[in-house]
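# A closer look at the structure
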Amino acid sequence: MAPILADNSSSNLPERDNYVNNGFGYVKNPHLDQLSEDILYHFDLGTRTHDLPSMFGDVKFVCVGGSPNRMRDFAIFIYQELGLDGDGSDITDICAGTDRYSMYKAGPVLSISHGMGIPSISIMLHELIKLLHHAKCKDVTIIRIGTSGGIGVDPGTVVITDIAVDAFFRAQYEQVILDKVVIRTTQLDQRLADSLLHCSKEINDFPTIIGHTMCTYDFYEGQGRLDGALCSFSKEEKCAYLQKAYSAGVRNIEMESSVFAAMCHLCGLKAAVVCVTLLDRLEGDQITHSHSVLTEFQKRPQKLISNFIRKQLHM
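Residues numbered from 1 in each chain as written. Predicted model: local features only at pLDDT ≥ 70, side-chain atom pairs only at ≥ 80, totals over all residues. Heavy atoms only, no water.

### Regarding the UniProt feature "binding site: substrate" (unreviewed entry) in the protein
Mapped onto this numbering, the UniProt entry annotates "binding site: substrate" (unreviewed entry) at Q223 and R225. Considering only the annotated residues already named, the ones lining the second largest pocket are Q223 and R225. Tracing the chain through its elements places Q223 in the loop between β11 (208–215) and α5 (235–247). Given the relative accessible area of 3%, Q223 is considered buried. As for its position among the elements, R225 is in the loop between β11 and α5. Look at R225 and you get buried, because its relative accessible area is 2%. What R225 contacts, discounting residues up to four positions off in sequence, is F219, Y220, C231, F233, L279, R281 and D285. (UniProt positions renumbered as here; feature names shortened; annotations may be inferred. 1 Å grid on protein atoms, 1.4 Å probe; cavity = no way out; pocket = protein on both sides within 12 Å on 5 of 7 lines; lining within 4 Å. Helix = DSSP H or I, 4+ residues; strand = E, 2+ residues; numbered from the N terminus. Buried < 20%, exposed > 50% of the residue type's maximum accessible area, 1.4 Å probe, protein only. Contact = heavy atoms within 4.5 Å.)

The structure is reproduced here in structure tokens:
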């Protein structure tokens, strides 16, 4: 196997634009300078076909989550929370020309679905970061809103991620590039996490904690579940592993946070991960709460993020 290389910065590559000192999220790809048009294929947008600065130049917050329906509901919710004209029910999908992702805009807030797992969210992030770059968006905060499995916490607990770790509890993301394995840090913005925790105390409707989030490549065996189509370990081995994760500071498990943290850090974007837990994995593997309870759980991160955005906008 090729040597493992650290990639905590891209100082060896020329920057396309030195946006970082001006508060811009920026790309680190000199090859983009050679393109006459940059087609954001999975968004059905492009630099020649769309006026991206006019469409997105006022964006200050980007909220991403797995489900298209959930992100549409969040867009309507934040639309109403910001007191924009109308009730937001007629909000349109900017990416309606594709079936890969959905995107909605509510004033300075962009709400985007990213699908499930590292490959899906990484594709979305590449095009989102280029979109913010082309639109010349300044001082952008990006937050992943999601669901997760908890470890040693009550279902319904909201976990704000301080560190995204892999299945070995390491704060790193491994990306295969050509024939090399490149290691990238999964550092998140700690001041942003602290601000979100402070906002949660003002709501005080549900438990909110800061903890490590473990990111896996799979929902079943990769997360130590006993109820998949395949299982090569015992219940005792599963419990020992999850207890080891808890001892390492892990409080929830999902499938996107590591690449999300790595890419946002490399591109100079303030980023946070806020996920609600749907079960305690130390107690079982299957989600057994009713649909109405799960729906209420899923609204908890949205309420927290709404409170945070309104405070940032001095509302």
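Still more to cover.
### Quick word on a positive patch on the surface
A contiguous patch of positive charge on the surface is contributed by K60, K138, R191 and K270. Structurally, the position occupied by K138 is in the loop between α3 (118–134) and β7 (141–150). (Patch = residues over 30% accessible without salt bridge, like charges linked within 9 Å, V, L, I, M, F, W, Y side chains within 5 Å. Areas by Shrake-Rupley, 256 points an atom, 1.4 Å probe, with all protein chains shown as cover. Salt bridge = Lys/Arg side-chain N within 4 Å of Asp/Glu carboxyl O. Lys, Arg positive; Asp, Glu negative; His and termini not counted. Charge placed at Lys NZ, Arg CZ, Asp CG, Glu CD.)

### As for the nonpolar core
Residues F43, V62, L128, L131 and F260 are the most contacted members of the largest nonpolar core, which totals 42 residues. Of all elements in the fold, only α1 (52–56), β4 (61–65), β6 (109–113), α3, α6 (257–266) and β13 (270–280) reach the threshold of two or more residues within this core. Counting residues per element, this core draws most heavily on α3, which supplies eight residues. Ignoring sequence-local partners within four residues, the contact set of L128 consists of F43, V62, V64, L110, I112 and I142. Residues Y104, L192, I203 and F297 belong to the second largest nonpolar core, which totals 35 residues. (Core = buried A, V, L, I, M, F, W, Y, C linked by side-chain atoms within 4.5 Å.)

### Some words on the packing of α3 against α6
Running from N to C, α3 and α6 cross one another at 20°; their axes reach a closest spacing of 9 Å. The orientation of α3 with respect to α6, classified from their angle, is roughly parallel. Once α3 is placed against α6, the crossing between them reads as right-handed. Facing I118, I121, S122, L125, H126 and I129 of α3, the residues of α6 in contact are S258, V259, F260 and M263. By residue class, the composition of the contact of α3 with α6 is seven nonpolar, three polar and no charged. (Axes fitted to C-alpha atoms, helices over the stretch in contact; angles between N-to-C directions. Parallel < 35°, antiparallel > 145°, perpendicular 65-115°, else oblique. Left-handed = near helix turned anticlockwise from the far one by under 90°. Nonpolar A, V, L, I, M, F, W, Y, C, P; charged D, E, K, R; others polar.)

### Observations concerning the packing of aromatic side chains
Evaluated as defined, the whole model comprises four aromatic pairs. On the basis of an interplanar angle of 80° and a centroid distance of 5.0 Å, the ring pair of F219 and Y220 is categorised as edge-to-face. According to the relative accessible area criterion, Y220 is partly exposed, its value standing at 38%. If you follow R225 out to its NZ or CZ, it ends over the ring of F219, 3.8 Å from the centre. (Phe/Tyr/Trp six-rings, centres within 6.5 Å; stacked < 30°, edge-to-face > 60°. Lys NZ or Arg CZ within 6 Å of the ring centre and 35° of its normal.)

### Brief notes about the pairing of strand β8 (residues 158–165)
For β8, a buried count of seven out of eight residues is recorded, marking the element as mostly surrounded by other parts of the structure. Pairing of β8 with β11, which is carried by six bridges, proceeds in the parallel orientation. Counted as the bridge partner of V165 is M214 from β11. (Pairing = 2+ DSSP bridges.)

### A few points about the pattern of salt bridges
A full pass over the atoms with the stated rule returns twelve salt bridges. Across the salt bridge formed by D38 and K130, the nearest N and O atoms sit 2.9 Å from each other. Of this pair, D38 sits in the loop between β1 (4–6) and β2 (39–40) while K130 sits in helix α3, and the two are 92 residues apart along the sequence. Given the relative accessible area of 17%, K130 is considered buried. Residues joined by salt bridges that share partners form a network here, namely R144, E254 and E256.

### Topic: the layout of surface pockets
Considered as a void within the structure, the second largest pocket measures approximately 380 Å³ in volume. In terms of lining residues, the second largest pocket is bounded by 21 residues, among which M116, T147, S148, F219 and M255 are the most central. Listing elements by their share of the lining of the second largest pocket, those giving two or more residues are β7, β12 (250–254) and β13. The element that contributes the greatest number of residues to the lining of the second largest pocket is β7, accounting for five residues. (Points joined across faces, edges and corners; volume = space filled by probe spheres on them.)

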